[in-house]
Each structure stands twice: as structure tokens, then as C-alpha cells.
Number of protein chains: 2
Amino acid sequence: MSDGAKTDLRKPHPLDPLSAEEVVATANILRSAKPEMDIIFNTITLKEPPKKLMLKYLGYDHLEEGTSKSNVTVPREAFVVIIEKEVGMVYEAIVSLDDNSLASWIHIPGVQPIITAEEVLTVEALILQDEAVQAECRELGIDMNNVYADPWAIGHIEKYKGADRRLLTALMYYRNFEDDNQYAHPLDFVPVVDVTLMKVIEVERIPPKSSKFTRPVIPMENHNFLPEFLDPKTMRTDIKPIQVLQPEGVSFTVDGNQIAWQKYKFQISFNYREGLVIHNVTYQDGDKLRPLFFRMSMSEMVVPYADPESPHYRKHAFDVGEYGLGLCTNSLALGCDCLGTIHYFDAVMNDHEGRPFIVPQAICLHEEDRGLLFKHTDYRSGRAHVVRGRRLVVSQIVTVANYDYALYWYFNQDGTIEYEVKATGELNTTVLAEDEDPGDFGTIVAPQINAPHHQHFFVMRLDPMIDGVNNSVLQVDTMPVEAPVGSPENRWGNGFVAKQKLLEDTDAAQADANTATSRFWKIINPSSINPYTRKPVGYKISCMHTPPLFAKPGSIVERRAGFARKNLWVTQYDDEQMFAAGFYCNQNEGGDGLPEWTKTKKNVNNEDIVIWLTFGVTHLPRVEDFPVMPVETCGFSLKPCNFFNANPGLDVPSQSKHTNGSMLAFDPAVKYGKKGGLNPVDPLKMHHPSNEQGGSCCGSNPAPVASQASA
Amino acid sequence: MSDGAKTDLRKPHPLDPLSAEEVVATANILRSAKPEMDIIFNTITLKEPPKKLMLKYLGYDHLEEGTSKSNVTVPREAFVVIIEKEVGMVYEAIVSLDDNSLASWIHIPGVQPIITAEEVLTVEALILQDEAVQAECRELGIDMNNVYADPWAIGHIEKYKGADRRLLTALMYYRNFEDDNQYAHPLDFVPVVDVTLMKVIEVERIPPKSSKFTRPVIPMENHNFLPEFLDPKTMRTDIKPIQVLQPEGVSFTVDGNQIAWQKYKFQISFNYREGLVIHNVTYQDGDKLRPLFFRMSMSEMVVPYADPESPHYRKHAFDVGEYGLGLCTNSLALGCDCLGTIHYFDAVMNDHEGRPFIVPQAICLHEEDRGLLFKHTDYRSGRAHVVRGRRLVVSQIVTVANYDYALYWYFNQDGTIEYEVKATGELNTTVLAEDEDPGDFGTIVAPQINAPHHQHFFVMRLDPMIDGVNNSVLQVDTMPVEAPVGSPENRWGNGFVAKQKLLEDTDAAQADANTATSRFWKIINPSSINPYTRKPVGYKISCMHTPPLFAKPGSIVERRAGFARKNLWVTQYDDEQMFAAGFYCNQNEGGDGLPEWTKTKKNVNNEDIVIWLTFGVTHLPRVEDFPVMPVETCGFSLKPCNFFNANPGLDVPSQSKHTNGSMLAFDPAVKYGKKGGLNPVDPLKMHHPSNEQGGSCCGSNPAPVASQASA
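Predicted model, so just to flag it, every value in this text is computed and none were measured.

**Focus: the pattern of salt bridges**
1) Next: As enumerated under the stated definition, the model contains 92 salt bridges over all chains in all.
2) Next: A salt bridge links R565 of chain A to E558 of chain A; the shortest N-O distance between them is 2.7 Å.
3) Next: Take R565 of chain A: its relative accessible area is 34%, and that puts it in the partly exposed class.
4) Next: The shortest N-O distance in the salt bridge between E322 of chain B and R560 of chain B comes to 3.3 Å.

Structural data, given as C-alpha cells:
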């Protein structure tokens, strides 16, 4: 194992998350500053430096090469959200870690910060103690000791409107034994909890769809996926191992949180809310280090459900703003979550006492073979040139109650950056009376178990820096030539054109996807011109997963998840504009975030801009998604579009079976002749262009292969 | 290496392609039957048995288990298309290989069969000899010895309307040396050749877009991608090898052309036209072997170009019907085209003399790790269960002049079957005068080199057998509940419904994609009911790549590629209906295939049906696509949709780093503490649910892992 992870003894990089020591220090500073206060440390996180300062620090203020740091000093600050115990007042504090002092302290009225794991666990215990809850269970005739509560954000209830009281609701389940799959035994009532008073204030019964049904008997049939509950005789035993090995080590290097791979350099960070964040992506193009993106992360997401009845209308989880992709992140396991040669990064967050907690192996970094990068065969000579691609993968996996999301950034050798969401885990389920049907709102995945229809929307915050800070966005629509078939301009009728529209301002820059015109968006730098096209260089946003939000205009979901009204928004950069549904998303009545920021028209042409891309899936559950869901994927890609002067992967050498260990599955001696194959008898091989030099790729470039092997 | 490829000494399976010996026998039978005739053997291929007979043979006539063969005998026949040399008459012959006799012989007037590699090579030579062509080159001042012609199908020219004369056109290029990339030096004239007379009958000059430009000087700057022409100093040397190894061998078995892997059984075949064909896909569901698809292949494709001027309107290659995915298939190279442990199948076709020619290693079969199959973590205990997925890949790669297409079938452990096209190779290019601009019709990828905009459409012929021969297709559209926000039916406005529409007949079953309703189609078996949903079992067609055909109604392209008017057609099964643009696609004036077959309305509900799915991409070339194009992908998936009674991958065991060889990239001793990681200092690890048992997947099921290791 090489020691590619360099020592990092200097003070942390300005973008490094707070260390465990810094979390401790921050909490201590606050406690001594507010000795009288009984503090709940909701979140303690790095206050990211202002972009202007970071651009200076990174040397982008006059667009020098991205790495040459000027001697700018960047203050090291912690941003803390505090809830006063029992009182429930919310405060924001900024702590200076340079001079260990409280730099600012404000009370924020009428907001509710993010929900923490500790709250979720305490509230579950509270619910199970509650008399009204126990009464419901008695009536259902189920053993209280096996009842479980998944606390959820309240979303919105008219009678508890607003965010003055800190509320949680919960979905209730039963387990036949400790690790039983509770989503096979959903209960039919929903408690509401005042978290400040630590009190169940209401228990709502979910009635059957029609009055002709009585209260259901909870289904007790088990539907498990944990191996110890499956019949070992039914498990597949015919899966031979696949080993992905890197005998010469990995091709990337890690210096603290800075990663270099192939032509890419970038930095990662991690926070309680967005989880993994990608910073300052650059690409080495010849002797030019070209900036691509200043910052990229998932800013928010929402999962609205289809059923218009209560409590389903309240189920529209904002898994970033209400629960936190950081707070919900998994500790990843080598050889299971991650295959191959892996580097892990840990994550540091805080608990209510202001103590650090660590999620070991929260971020996975590794390389993957990507299949063909490009190939061409000259049909005359049969001379083929094949180059296999490689990608660098940076990923995390989060668990938000029933659902699990695996989140992947991919960096490819052709300059393409991709993002993929794999949704898996457990469907949210509700109980049905026998013979009750969820109609058009859900799928019966097992007797009496309804998996309600829903949508998943993910909104990415993409802060581009395509060859520099000032960028614009073009909308490209392809359409037939207007002139009719037979006319001089379109005589044979095949004509079509690609029209580009500049999204000038924040009004114009609220766009829907449109497959009818093969629409895509292009981030360009008006002051960086491609020598061949003579037009600005750009990066193209391709996204195939753009369902509309089915919640109606004026609906609660549409108000709270305003970002999902459009697939793409462009805003002027603002340090304060990070979260598409507002910073205080939990119990937010709506209107915050993108709708608020775009109320007054602002120029986004040749500006420091931020792009907000919403993508997702409409999920009509299948029986096959139960009792655990095979991954459902969606995502988008960022492709260089006339940014380079040629295919940037041209310099990737071919591979050889001698270095990648490829071999034949079966004895070649028996392959021709009597056995197998599409030609069961041994043929007279005839001359033909297509097989004269078939697959000459390996032999075609010994030099690069050799240098690769000896690297 | 195990010997998983079983001996196959019995007579060929009825679906086995003709062997080399059978090709020879067929040609000899025809020669002796027509001693007077000077025969060009255009194509010699297996005449696939009628479906009714195959269903009997496979035991599906009364839906027994798919494998139990009754003692049906299936005739072994060759289907031959012949062109009479110099005369140009076209004949179809059927040869019985059971009694070595000519079973049928018909003259087919007014058609032109597929173009062969031999024609392409002969016509190029002919063109280079032609006086008019040489005159053009003299005027361009280029050396005739370095001129190359890529013959293309004629498409359509009014004055040579119809298919009575066998015609080819060609796009002309220059090379500075033998393996120079000719697409960097396109010429500005287009010969037309009468292939029967072996005569250039016209040379068309391509004028600059505007009269203000004179005839261009051909750009001589080189743009190469072959490694020997790249500066070795510029090649990447920092890509460490990735080895994909299967120390215990592969998990699939091969018996002739029958493949078994995990729960799947299917058979492959190969022909000159469709290339790879997938037959009789079944899935072992408990003790039931359930049929899924009877036959799947790419039936046709078309690549129309955007520029309405001549000759671009003629450029709409039908790479299946005009050139053949079989005839154009590559011989694949181990370790380059294919990584890992590979089984190859050869392909047998014929030359003009009726001799067999073999493409060795035409089809690649191998397994791949597929990343997460599913995962769920119980946030209370941190207990995670992670199962990695595996897929079986069957693929081929074709080269059609400048373009290369890699075509992949993927079989997944969750019952999902996917198909992916990777388009790569060389952009079609045209020459520009200096300062000439292609406007909205193309991209300048290098000085004076225009890469014209175009689209790629692929139409799949999917013959389903979901739990049996008679199937139907539902169209599923999701939309908001109609009732307004605040009304009793949609009080909070979140309501949405999934509406299913049965495509009853061939009129209704001509459908467009619609992202506005998250539309998808579902193949169902009305007589096989899922016990939970109480509705028919089905397979869902998901396709994200559905651009519209931009060629106008009534245009030549739209007439010839009628299939591309719609994304989905459903027809009644008919042995004769194989090719979506007609069997004699070359020089076809249009109307054949799907438009013809659907003229009279036929029932497709609970019938033996065939589904025609068209997908593709609108390709506006990027500078990055030159001089060789990074793969551009598109495809579709077939997902079980309430077909099974649970996640069919439940029985897939977890993996362990001990069997898959996963390891850490860097010395763990330096990972915590002073170096790297998101926590630069060694933290006090606090209790937290999310890291208590993080990644317990490996330990959670020793049994299956062990049995896997010892398998």
C-alpha cells in the first residue's frame, strides 16, 4: 500500500470541516459565554468563509492558476444553532476559533432548526410511554413492547400552523421481534408531539378509505430481508466472487481533504446538512489549470406523497433541511458498500451536549473501470483502437427513517462529471383493511400493506466557475426548420435547427425541461472563446429525470418546495443563499429559498451565478420494491461542450490483458471445434476486413501500456 | 478455468445460426440448382422456424416448463438472398438442409438487398479510378493516391427514384498517410455509383453555404487519435491498473448458444442483419420457470442529419437494414473491448462467393459487479444490510463507416433487463470554406471541419412472453387529482393519481413518450394475476431517451423511417414482420414496415403481440467529440412490475472483503491521527446510532458468504 495520503500538520484548510477538538472548543466557548443557559447544541458546523475571500485565498481574484495561494488569511469560525432547553428559544451563534471568542449571538424567533438523531430517539421513547398511544395499541390488541415510532417532521398542520412550537409527528409500526421488518406491520394512528414540552399533544386515527371497512387487524405476517430470517436453503450459492484489485495501488492522491486524480483537482467537505460537498473543481488542460466548479452539493430534497387524505398530505420529507444528509449518513463497510481499493474519510458532527461524534468511513473514494471511453475501427484494415475509461467515485449513503439514498459523484476522463442517486431501503407503508384497495394512490405490496405512490425531488446547488467566476446559462432547443417540406429552405423536409436562448435574468432563468425539443442547458463563459467554434466555452447540463411536481400550485407541498416548480433556476451568487427551501426548512410554511430570492429580477448574464437543478423520479411502488427496494437510480451529468479543443481523453492509453488480468472463462482449446460458440464446427477462416486485425488495440500502443505497467 | 462450456455434438439447436459447413452446403446446393446463373450471394442465413413450431419445440404450446422439449422436429432451412451478377435481378431462395434441396426460389422485382462489405470495398476502388472523380481531386490539388471513399446507401435521389437500379453514393476524404484520420480532411464532392453496371454515373459538388465563399482548400492539418501519432510525452502515465478477477471462475454456464446465469436462462443467435439476438428468456421463480421474452433484437435504426441541403438530406443511414449489425460487427479483443473473465462467441456469415467467413469473438459474455443491489440501515441500531448486485452482460460492437456502436444487454439479479447503446467512433464531417459557418446545422470541431447535427434512433423488436404467449400493453400516466386545492377530494393539493390505459388495438397502440405524466408502458399478462395487487403481472418499459423525430411529416426520412414517428408501437405477432422499416430497406421509398403493418386495425389485447420501442439521442456534436467521440449512451430497461411476489434479489447474499479482495488505499495507521481524513485530529469516539454497528453487512451473514467461498 502506497502512502498517497500526505501529512497535513499545518492549520486546517479554510474549507476543512470542524475537527472534534474544534467542536469541543466551540461548545466550551458558548457555555462559558452563556453560563446561565441550559443549551441544546442543535448543530455546530464550520462557517464557510465568504466566497470573495476564498477566491482570493485560492488565487482566483485575478484568475491566476487555481492553486497559487496568495497570503490571504481566512478567519476560522464555527456556526452554531442552539435551542434553549424547555424554553425552546432558538439562537444563532458565531464562534471565532482564531481568538476563541463568541463573535455573534442572535435570537431567531418563529423558526425551528433541523431535527437531530437524539430528538428522534427521545421522542420515540416518549411516544411509547404515552397513555393515548397505549390505548390505541390496546384497542389494536398488540403488545406495547413491540411497538415502534418513526418520528417525522410535522410538515404542516393547520391547527399548529407556523414554527413557534417545535413539533414532531411519527409513523407507528409493530415488530414481532427485535430486528423484524416493522414496515410489514404498519399501525393506523399518528401521534403529534410537542418536543419542547416533551408531550404527546394529539393522536390521529387514520380511517380506512371507505366507511364500509372497519378498523383493520394489523397484519402480523413477517416480510424480512435480513439474512438470518431467510431460509439459508433459498439463498443463491452460485455467485462466484468478483475481485477488483489494484496491484500497483490507486491512481489518486489525497492531501487532507484535497483530492487529485488524473487531470482533476478538487476538495471535499462534509457538514451535518448537505453531507458531502465538492469544492473548487479544476481540470489540468495542457499547461492551463482551468476552474470548473466552485462548489457543488445537494441543497434540498422533498418526497411528496400522492394520497390527498390526512396524514399523507403531511408526508413530504425534506431530507436535507429537516433531517440532514450529514446527520443521517452511514458508516460505510469495506467490501460491501464499497468494492475495490478504497480511501475513506470520517465525518465529525456534534451531539446535544456539544460533544463531537464521529461517523467513521462516512465518505468513500475509489476508482472504477468505466467501460469503453472511445473506440473506432477502420473497416478497411480492421485496425481497431479501443480505450477503456476510468472514473473516480466519491460517495456517501444516508438513511432517513425507512429510505436509504446512496449518493455518487463521478469524475470521468473525458471531462464529464456525473451525479447519481440510488434510492433504496424501505418503502413507506400504511395498513389496509382486508379487501381495502388503495386505488390510484398506492400499490398493495403484501396482504393489507399499501405502499403509497410518491415522488422524489433532489435539487442541486451548482456554483459554476467555467474558466472563471462570471458565467451565463444558455437554453438550447432543437426543432424542425419552420419552412414546409418542398420549400426551398426545407425541400426534403429533414431540416432541423438548434436554437440557443440566453437566460438573461432571474425571471427568464426559471426553466422547465422539454424533451419535445431535446432541451438542455449550457453554462458558458462569455469571455472565454473556443478557437474553433468561435463561441464561448461551456459545460452542458444533461438530465433525463425531470418529472413535474404533481402537487398543485398553491398546495402545501408546492409552497414549501417552491424549488420543485421548475427544473432549473439561475440566481446571482449570494453567500446567504445555500438552501433551496430556506435555511429553517423544518416547519417552514413555504415561500423561503428560491421563490423568495427571485422575487426581484436580477441579472444572471455574465455574473457570478448559482444554478439550481431539480431532478427526480415519480415512484409508483412495485411489489418487487418490498420488503426492501432494489436501487432506483436518477441523476444528471455535466459535460464539457466546446470547452476543450478536442476529446480530452485522447491521452488515455489503451489497456492490455497483461496488466488488467482479463482472461477467457473456459478452456480456449474447447472453444473452437466441437464445442459451444456460434459456429459449432471448425470453419475455414476466410479473409475478411472485419477480422483481419480484430482487436489490435492491445498491440497497437505498447509504449503507453508499458509505461503504465512500470508506473 | 472450469469447463462450463458443455459439449454440443447433437444436431444444432433450431435457433443456432448456420455453421460454416451449412453455409458451404447451402451455396453448393444453389449453384447446382442454378448452374447457368452467375450468382452473387448477398446473404445466407438461418431461416428461423415459425414461432408456432418453436413454441411447440420449447414446450410452450400448453405452457409446460420452458425447457421440457416435446419431440417436435423443426426443419433446418437456410434463407438466401441472391443478386444475379451484371443483370442485377434479385432472388430469394430457401434451401432445406435436412434433405439438401432447393425448397423455394422467387424473383423479387424492384428491390435492393442489403449492402455488403465486398460491395463497399469494390465500389471504393471503382470510384478512385473514375475520371470525373480524379478531375475533382486535380482541381482540389490533392494527390489521388491518398483519396478515400466511404460508400453510403443512396438514401433517396429523385432522379434515380425507386430500387430498380442498385446504387451507392460515397463521402470522400483525404489521408496524409495510411492510418491518418480521414475525417479531418473531408472533400466537397459526392459520386453516385451504379453498382450493377459498376460505373460512376454522377459526381455532385457540395457548394459552400453562401455564394460569398469560393471552393474551399481542403484542410490538411492532422487530427489523429491512434497512439502512434500522439506525442508519447503527452500520454497519461498515472493510471494504475484495475484488475477484475474471478478466482473461482464465472457464475454462468454455456451450452452451445444457451446461457444460464443465476435465475435466467436464455439463448443467443447472430445474423448478418440484427447481429446479436436474444431468444427465449426465462426466469426461475421458486419452482416455476417463468417465460419473459420470446425474442429481442434491434430491428432497425436511422441516423437523419439536420442540414436541409443536398447531399445531407440523403444522409439518414439505416445501419440495420442497409448495412447490417452482423456484417459490420467487430472482432472483440480480450482486455480492451472486454474486461474481466470473458466467454466469446464467433459469428459465421458469407461472402459473395457463398464461402463462410468468420468473425472470431463477435459476442462478449461476462459478469460485472453492479454496485448496490439494495441496502437498508436501521437507524436505531445502526444495523446495516448491504447486498451488492451483479449483472450478466452480452454485447457486440459494430462499425458502420465512421460511427461505432457498442450494444449491451444487461441481465440483473432483481429481474431487470437493460439495453444500452454506446455511440462512439468518428463524427461524420464536411468541409467548410475558411470563415464559413454551419449556422444552426452543425458544429465547427476544428478549422474548416463541420460536424453536422443529427439524431440517432434505434427501434427494438421486443416479442414478449410475460408468463405466457398472450400479453397486453398498458400505458400508465400520472397526473394531479383534478379537484382544486381546498376541495374535499384534494384539500391540501398534493393529490395525484396513476391512470392506466389499455392499448386495445394497433391504432391505440401507437404512442409517444410523455415526461409531463411520467408516462411508461407495462407489458401485462391478463390471465396471470399477482396475488397481492390482484391485478395482472407485468414488466415495465422505462426509457428516458425519447427525442422526437425532427424530420417533418411527409419528409423523405419520415416516410422511410416511419417507425420513428412514435416511441412505441404494438402489433399482432406475424412471422413475416421482423424489420420496422421493411425487409428491403435499402433504397426503399418508404411506407414499408410498421406503417404498412398497422394500416388495418388489429386487436393487440391479450394477443401474441410484438412491441416496437424507439429510443435515441439528438446529437449536436461537441468539439470534444473530435477526432474520436467519447461514448454517448442511451437505452431502456425492462423491470418486473408486480410480476414477482417480492424483491427477487432477496436471496442474493452479502459480500465480504475476504472474498472480493477489497482493501484500503492507504496505510490505515496513518489514516486517523495526524493525516488526511475529514477529522485531522484523533477524536474521542462518541456513542452514536449511526456508527455503533456501521457496515455490519459483512458479518451479518457468514453462512451465505462461506457457501459462496466454497462454491
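Structure shown, so let's carry the discussion forward.
**Things to note about the relation of the copies chain B and chain A**
1) Next: Once chain B has been moved 0.0 Å along the axis and rotated by 180°, it coincides with chain A to within an RMSD of 0.0 Å. What we have between these two chains is a two-fold relation. When each C-alpha of chain B is compared by its distance to the rotation axis, V244 of chain B comes out closest, at 2.3 Å.
2) Next: Looking at the interface residues of chain B, 100% of them are also at the interface in chain A, so both copies use one shared face.

**Comments concerning the UniProt feature "modified residue: 2',4',5'-topaquinone" (unreviewed entry) in chain A**
Residues and elements named next belong to chain A.
1) Next: The sites that carry the UniProt feature "modified residue: 2',4',5'-topaquinone" (unreviewed entry) are, in the present numbering, Y403.
2) Next: Take Y403: it is sitting in strand β20 (residues 403-412).
3) Next: Among the residues examined, Y403 registers a relative accessible area of 3% and is labelled buried.

**Topic: the interface of chain B and chain A**
By a widely used convention, the size of an interface equals the accessible area lost when the partners come together.
1) Next: The interface is formed by 255 residues belonging to chain B together with 254 residues belonging to chain A.
2) Next: The contact between chain B and chain A buries some 21,300 Å² in all, and 59% of this surface belongs to carbon and sulfur atoms.
3) Next: Notably, a salt bridge pairs D337 of chain B with K375 of chain A, separated by 2.8 Å at the nearest N-O pair.
4) Next: Between the two partners, chain B and chain A, sit 106 residue pairs in polar contact (both at pLDDT 80 or more).
5) Next: The dominant element in the side of chain B that touches chain A, judged by the number of residues it contributes, is strand β18 (residues 356-378) of chain B, at 19 residues.
6) Next: Considering only residue class, the side of chain B that touches chain A consists of 123 nonpolar, 75 polar and 57 charged.
7) Next: The sheet contact formed by strand β34 (residues 663-664) of chain A and strand β17 (residues 341-350) of chain B spans two bridges and is parallel. Across the sheet, M663 of chain A pairs through a bridge with T341 of chain B, a residue of β17 of chain B.

**Quick look at the sheet that holds strand β5 (residues 101-107) of chain A**
All names here are of chain A.
1) Next: On the basis of which strands lie adjacent, the open sheet formed by four strands has the order β2-β3-β4-β5 and antiparallel pairing. Strands with a single pairing partner mark the edges of an open sheet, and in this sheet they are β2 (39-46) and β5. Taking each pair of neighbouring strands and ignoring which way they run, the sheet shows an average axis angle of 20°.
2) Next: Judged from the seven bridges that link them, β2 and strand β3 (residues 77-84) form a sheet pairing that is antiparallel. By the bridge assignment, I44 is partnered in β3 with V80.
3) Next: Contacts from helix α1 (residues 20-33) reach β2, β3, β4 (90-96) and β5, with the element oriented near 135° to β2.

**With respect to the nonpolar core**
1) Next: One finds W409 and F411 of chain B to be the most contacted residues of the largest nonpolar core, which totals 122 residues.
2) Next: Core analysis: the next-biggest nonpolar cluster, separate from the first, contains 119 residues, A153, I259 and Y264 of chain A together with A665 of chain B among them.

**Some details on the packing of aromatic side chains**
All names here are of chain A.
1) Next: Inspection of every chain in the model, using the stated rule, returns 56 aromatic pairs over all chains.
2) Next: Seen from their ring centres, Y408 and Y410 are 6.0 Å apart, and the 5° between their planes marks the pair as stacked.
3) Next: With a centroid separation of 5.4 Å and 75° between ring planes, the pair formed by Y539 and F643 is classed as edge-to-face. Taken together, the residues Y539 in strand β30 (residues 536-542) and F643 in the loop between β33 (629-641) and α8 (657-660) connect sequence positions 104 residues apart. With respect to class, Y539 is no different from F643; both count as buried.

**Structural notes on the sheet that holds strand β2 (residues 39-46) of chain B**
Residue and element names in this part refer to chain B.
1) Next: The sheet built from four strands is open, its strands ordered β2-β3-β4-β5 with antiparallel pairing. Here the strands that pair on one side only, and so sit at the sheet edges, are β2 and β5 (101-107). Between one strand and the next, the sheet's axes are offset by a mean angle of 20°, whatever the strand orientation.
2) Next: The pairing of strand β3 (residues 77-84) with strand β4 (residues 90-96) spans seven bridges and is classified as antiparallel. If you follow I83 over to β4, its bridge partner there is V90.
3) Next: Against the sheet, helix α1 (residues 20-33) engages β2, β3, β4 and β5, with an angle of about 135° to β2.

**Quick look at the environment of N588 of chain A**
Residues and elements named next belong to chain A.
1) Next: Tracing the backbone through its elements, the reader meets N588 in the loop between β31 (568-572) and α7 (594-597).
2) Next: When its relative accessible area of 10% is taken as the criterion, N588 is described as buried.
3) Next: Those residues in contact with N588 that lie beyond four places of it in its chain are R560 and A581.
4) Next: Polar side-chain contacts of N588 include one of 2.6 Å to the backbone nitrogen of G590.
5) Next: For N588, the side chain forms a polar contact with the side chain of D592, separated by 2.8 Å.

**Side note on the side chain of D404 of chain A**
1) Next: As for its position among the elements, D404 of chain A is in strand β20.
2) Next: There is no salt bridge for the buried D404 of chain A, and the closest opposite charge comes from K375 of chain B, which lies 6.4 Å off by N-O distance.
3) Next: Side chain to side chain, D404 of chain A and T399 of chain A meet in a polar contact 2.6 Å long.
4) Next: Here T377 of chain B takes part through its backbone nitrogen, which lies 3.2 Å from a polar atom of the side chain of D404 of chain A.
5) Next: Those residues in contact with D404 of chain A that lie beyond four places of it in its chain are V398, T399, K422, A423, T424, G425 and E426 of chain A together with K375, H376 and T377 of chain B.

**Overview of the environment of V469 of chain A**
Residues and elements named next belong to chain A.
1) Next: Its place among the elements puts V469 in the loop between β25 (454-464) and β26 (470-480).
2) Next: Along the chain, V469 and G162 lie 307 residues apart, while their C-alpha atoms are 39 Å from each other.
3) Next: If sequence neighbours within four positions are ignored, V469 has contacts with L55, P464, E607, D608 and I609.

**Topic: the domain arrangement of chain A**
Residue and element names in this part refer to chain A.
1) Next: What the domain assignment lists for chain A is domain 1 (20-108) and domain 2 (252-306 + 316-427 + 453-483 + 495-641).
2) Next: For domain 1 and domain 2, the distance between their C-alpha centres works out to 26 Å.
3) Next: With both sides pooled, the region where domain 1 packs onto domain 2 buries about 2,300 Å², and carbon together with sulfur makes up 59% of that total.
4) Next: There are three salt bridges connecting domain 1 and domain 2.
5) Next: Counting every contact that joins domain 1 to domain 2 gives 10 residue pairs in polar contact (both at pLDDT 80 or more).
6) Next: Here the side of domain 1 that touches domain 2 takes seven residues from β2, the largest share from any one element.
7) Next: Each residue belonging to the side of domain 1 that touches domain 2 can be placed in one class, and the counts come to 18 nonpolar, five polar and five charged.

**Overview of the pairing of β31 of chain A**
Residues and elements named next belong to chain A.
1) Next: Across the five residues of β31, four count as buried, placing the element largely inside the fold.
2) Next: In terms of strand pairing, strand β28 (residues 510-511) meets β31 through two bridges, oriented antiparallel. Across the sheet, residue A511 finds its bridge partner in β31, namely L568.
3) Next: Taken together, the five bridges between β31 and strand β32 (residues 607-619) define a ladder with antiparallel strand orientation.

**Section: the pairing of strand β9 (residues 199-205) of chain A**
Residue and element names in this part refer to chain A.
1) Next: Of the pairings in the sheet, the one linking strand β8 (residues 189-194) to β9 comprises six bridges and is antiparallel in character. In the strand pairing of β9, D194 is matched with K199.
2) Next: Following β8, the chain reverses through four residues before pairing antiparallel with β9; M198 in that reversal takes a positive phi of roughly 50°.

**Section: α1 of chain A**
Helical periodicity: at 3.6 residues per turn, an α-helix aligns residues three or four positions apart in one direction.
All names here are of chain A.
1) Next: For α1, which comprises 14 residues, the first-to-last C-alpha distance of 20 Å matches the rise-based estimate of 20 Å (1.5 Å per residue) to within 8%.
2) Next: Considered for burial, the residues of α1 that qualify are A20, E22, V23, T26, A27, I29 and L30.
3) Next: Against β2, β3, β4, β5, β17 (341-350) and β18 (356-378) lie the buried residues of α1.

**Quick notes on the environment of K535 of chain A**
1) Next: With respect to the helices and strands, K535 of chain A occurs in the loop between β29 (520-529) and β30.
2) Next: Taking the C-alpha atoms as reference points, K535 of chain A and P14 of chain A, separated by 521 residues in sequence, lie 36 Å from one another.
3) Next: Sequence-distant contacts of K535 of chain A, that is, excluding residues within four places in its chain, are made with S528, I529 and N530 of chain A together with D437 of chain B.

**Some details on unusual backbone geometry**
Residues and elements named next belong to chain B.
1) Next: In this structure, P311 follows S310 across a cis peptide bond, with omega equal to 5°.
2) Next: With respect to the helices and strands, the residue P311 is situated in the loop between β15 (288-304) and β16 (316-317).
3) Next: Backbone torsion omega between F626 and P627 reads 0°, so that peptide bond is classified as cis.
4) Next: Position of P627 among the secondary structure elements: in the loop between β32 (607-619) and β33 (629-641).
5) Next: Residues other than glycine seldom take positive phi values, yet N100 does so here, at roughly 45°.

Rules and cut-offs
Residues numbered from 1 in each chain as written. Chains lettered and ligands numbered in written order. Predicted model: local features only at pLDDT ≥ 70, side-chain atom pairs only at ≥ 80, totals over all residues. Heavy atoms only, no water. Salt bridge = Lys/Arg side-chain N within 4 Å of Asp/Glu carboxyl O. Buried < 20%, exposed > 50% of the residue type's maximum accessible area, 1.4 Å probe, protein only. Least-squares fit on C-alpha atoms with pLDDT ≥ 70 in both. Contact = heavy atoms within 4.5 Å. UniProt positions renumbered as here; feature names shortened; annotations may be inferred. Helix = DSSP H or I, 4+ residues; strand = E, 2+ residues; numbered from the N terminus. Buried area = accessible area lost by both parts, 1.4 Å probe. Polar contact = N/O pair within 3.5 Å; in protein donor to acceptor, adjacent residues only side chain to side chain. Nonpolar A, V, L, I, M, F, W, Y, C, P; charged D, E, K, R; others polar. Pairing = 2+ DSSP bridges. Axes fitted to C-alpha atoms, helices over the stretch in contact; angles between N-to-C directions. Core = buried A, V, L, I, M, F, W, Y, C linked by side-chain atoms within 4.5 Å. Phe/Tyr/Trp six-rings, centres within 6.5 Å; stacked < 30°, edge-to-face > 60°. Lys, Arg positive; Asp, Glu negative; His and termini not counted. Domains from an automatic or database assignment. Expected span 1.5 Å × (residues − 1).

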